[in-house]
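Chain by chain, the residues:
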Amino acid sequence: MPANKTAKKPKKKNAAAKTAELPLDTILTGDCIAAMKKLPDNSVDLVFADPPYNLQLGGDLTRPDNSRVDGVDDDWDKFESFKTYDKFTRGWLKEARRVLKPDGAIWVIGSYHNIFRVGAAIQDEGFWILNDVIWRKSNPMPNFRGTRLTNAHETLIWAAKSEKSKYTFNYRALKTANDDLQMRSDWEFPICTGHERIKGEDGAKTHPTQKPESLLYRILIGSTKPGDVVLDPFFGSGTTGAAAKYLGRHFIGVERDKTYIAAAKKRIARVKPLAGDDLSTQPSPKAAPRVPFGSVVESKLIKPGAKLYSPRGNHSAKVRADGSLFVKDGEIEIQGSIHKVGAAVQNAQACNGWTYWHYEEKTGRKPIDFLRDKIRKGMAG
């Protein structure tokens, strides 16, 4: 190469180019680690993983009437040691983190047999844990031997790719779905039964650990956007794919069992996606345009001199012309922003003044956040 010329660096592919390379809405056959190695770096938005539980079962389990319980005794759930299981776990987690976009996230579900080992590996691989969520089963399988408590829940771990990731969290959508109450980290769903349970021609359930579609529905509504790509390295009977297709997301599944793949393809083919307009959800407050409280006063939605009240009515503040609040409590005087004054009257380090302070209306007191929403709607119009 001539001395006056330098080698051109390969151009970095943008997100759209990487998405175009992905096998969207496809089930890849084979080992999950090997399959993920073929996917581009930083290319998927979310990973949902339901890895083997490594149940360490000892013999058949029977009901009181001596009928056999159809539990998890498949070869894919058997590992010769914890060391072998840990090596497998770190292998697929490493690949999952590589293919996630910088602002991507992962959900992993497991039972007490494996979730603690998986949780440690998640942190060791560099993920940043956001929440653990308890899926409480409304119809759990009893402990037929009567030697332990009925195992009535599983644990999900939600983690961002890194501490700095600006992960998707549709807070307002989940709050709306929960009757305007903040969504908690304990979720109640029934295990798969009846029409939702995928069965073979012999009437036996196709997959022993099929997850309820409602569980994936909530996860996808809460932590993805329409058009996002969701990777499921343990695709099983296709619950992730069915929920993703219905909600206008793309999926990539990895599965090595041909019976599961056939069932998943048949199941997903029956799903009719929601129309574009029907996919709309309540926007996240972070995505909405910033509106200072001074704008509410300037718009005369609340006038200087008006009183604001704490949720229980034990504190009140007067609104001033510049949008600041003033509180006089005996000899103590406090003035400042809605957030500063709200924190001060509670002796707290911080306060969300928009939800703390309430204004008087004919129908009763409402958070001043309602007034901010009015201004935002005017911006949209």
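Just so it is clear, the model here is predicted, and its values are computed rather than measured.

Overview of unusual backbone geometry
1) Next: Even without being glycine, D179 reaches a positive phi, approximately 55°.
2) Next: We note that D180 has phi near 65°; this positive angle belongs to a residue other than glycine.
3) Next: Looking at the element boundaries, D180 is found in the loop between α5 (171–177) and β6 (186–189).

Here we look at the sheet that holds strand β11 (residues 325–329)
1) Next: Taken together, six strands build an open sheet; the order of strands is β12-β11-β10-β9-β13-β14 and the sheet is antiparallel. Both edges of this open sheet fall to β12 (332–336) and β14 (364–367), since each of them pairs with a single strand only. Direction aside, the axes of adjacent strands within the sheet are offset by 35° on average.
2) Next: Most of the contacts of helix α10 (residues 338–346) go to β12, to which it runs at about 150°, and overall it touches β11 and β12.

Some points on the confidence of the model for the protein
1) Next: On average, residues of the protein carry a pLDDT of 88, and 89% of them reach 70 or more.
2) Next: Low pLDDT (under 50) marks residues 58–69, which in the prediction has 20 contacts with non-local residues, meaning those over four places away or in another chain.

Structural notes on the pairing of β14
1) Next: Of the strand pairs in this sheet, strand β13 (residues 358–361) and β14 are connected by four bridges, and their pairing is antiparallel. Residue H358 lies in a different strand from β14, and its bridge partner there is P367.
2) Next: Adjacent in sequence and paired antiparallel, β13 and β14 are bridged by two residues.

Topic: the nonpolar core
1) Next: W107, L156, W187, L215 and I219 are the most contacted members of the largest nonpolar core, which has 32 residues in total.
2) Next: A per-element tally of this core places helix α6 (residues 213–223) first, with five residues.
3) Next: One finds I33, V108, I252 and V254 within the second-largest nonpolar core, a separate group that totals 31 residues.

A closer look at the pattern of salt bridges
1) Next: Summed over all chains, the structure comprises 15 salt bridges.
2) Next: The partner of K137 in a salt bridge is E154, and the shortest N-O contact between them spans 2.9 Å. Of this pair, K137 sits in strand β4 (residues 128–137) while E154 sits in strand β5 (residues 153–160); the two residues are 17 residues apart in sequence, bridging distant segments of the chain. Side by side, K137 and E154 carry an identical accessibility label, which is buried.
3) Next: Three or more residues are tied together by salt bridges with common partners; here these are K37, D41, E95 and R98.

Cut-offs used in this document
- Residues numbered from 1 in each chain as written.
- Predicted model: local features only at pLDDT ≥ 70, side-chain atom pairs only at ≥ 80, totals over all residues.
- Heavy atoms only, no water.
- Helix = DSSP H or I, 4+ residues; strand = E, 2+ residues; numbered from the N terminus.
- Pairing = 2+ DSSP bridges.
- Axes fitted to C-alpha atoms, helices over the stretch in contact; angles between N-to-C directions.
- Contact = heavy atoms within 4.5 Å.
- pLDDT = per-residue confidence, 0-100.
- Core = buried A, V, L, I, M, F, W, Y, C linked by side-chain atoms within 4.5 Å.
- Buried < 20%, exposed > 50% of the residue type's maximum accessible area, 1.4 Å probe, protein only.
- Salt bridge = Lys/Arg side-chain N within 4 Å of Asp/Glu carboxyl O.

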